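Take a look at the letters that make up each chain.
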Amino acid sequence: MVADWTTSRSETVREASAEAISAMVALLAATVFAPLLPKILPSLLAAQRRQLEWQRLPLTQTLWSVLVRAAEHGQGQQLHEQQLLLPILQSLHASVCAPLDRTSSACLKNHNEELRCIDTLATLALEPTLTYCVSQLDPEKEPVHLCGTLEVLRHLVPRLGDKLDIRQPAIL
């Protein structure tokens, strides 16, 4: 059902469906939400890849609300075990590393929302998220890729404060 709504040609339908999914996810009990998580996340990522950056904001906001709900239910381990964490990180990291049209408010809002999603992923599964980000600091990678990775880490370090006390010197 998510795939049908999020691939509609009508931008109004896509935005309304994204808002509806966000609202429905917030109402679901943990026992109902857990089996839906492996279906919702890949659908949202696939829909997000099909959109232009300035059109992704409703889907990115929905992704964030799904991740927040997963964090509320303590499902970080489930995301990691079902191998959902890495595709989400790869997709968001690639989006953050892509050149950004800073003149477009929609692009800037989406970019900030993507960083917020990565922040939520770090609260769900700190070690895998940091390990992935640090692994992307390969000097052989393109400068744009390195800048995006540094931006992600710069975003995470102040927000995760206490959780990073041990690892913060190594990251810096």
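Residues numbered from 1 in each chain as written. Predicted model: local features only at pLDDT ≥ 70, side-chain atom pairs only at ≥ 80, totals over all residues. Heavy atoms only, no water.

With that settled, consider the overall build of the chain. Per the secondary structure count, the chain includes 10 helices and 0 strands. From first element to last, N terminus to C terminus, the chain shows the α and β order α-α-α-α-α-α-α-α-α-α. What you see for the chain is a C-alpha radius of gyration of 16 Å, in line with the 16 Å of a compact globule of 172 residues. Viewed in the frame of its principal axes, the chain has a C-alpha envelope of about 45 × 40 × 25 Å. The buried share of the chain, taken over its 172 residues, is 47%. Across the chain, the fraction of contacts at a sequence separation of at least 24, relative to all contacts at a separation of at least 6, is 70%. When the accessible area of the chain is evaluated, it comes to approximately 9,000 Å², of which 57% is carbon and sulfur surface. Of the charged side chains in the chain, 15 are positive and 18 negative; the average position of the first set lies 4 Å away from that of the second. (Helix = DSSP H or I, 4+ residues; strand = E, 2+ residues; numbered from the N terminus. Rg over C-alpha atoms; globule rule 2.2 N^0.38 Å. Buried < 20%, exposed > 50% of the residue type's maximum accessible area, 1.4 Å probe, protein only. Contact = heavy atoms within 4.5 Å. Areas by Shrake-Rupley, 256 points an atom, 1.4 Å probe, with all protein chains shown as cover. Lys, Arg positive; Asp, Glu negative; His and termini not counted. Charge placed at Lys NZ, Arg CZ, Asp CG, Glu CD.)

For helix α3 (residues 30-50), with 21 residues, the first-to-last C-alpha span of 30 Å sits near the 30 Å given by 1.5 Å per residue. Along its length, α3 reaches its greatest deviation from straightness, about 50 degrees, at leucine 36, and the proline proline 38 lies no more than four positions downstream. Within the span of α3, buried status applies to Phe33, Ala34, Leu37, Ile40, Leu41, Ser43, Leu44, Leu45, Ala47 and Gln48. (Expected span 1.5 Å × (residues − 1). Bend = angle between axes of the 7 residues up to and from the residue.)

Looking at the secondary structure, you find threonine 149 in helix α9 (residues 143-160). Look past the residues within four positions of threonine 149 in its chain and what remains in contact with it is His93, Cys97, Cys133, Gln136 and Leu137.

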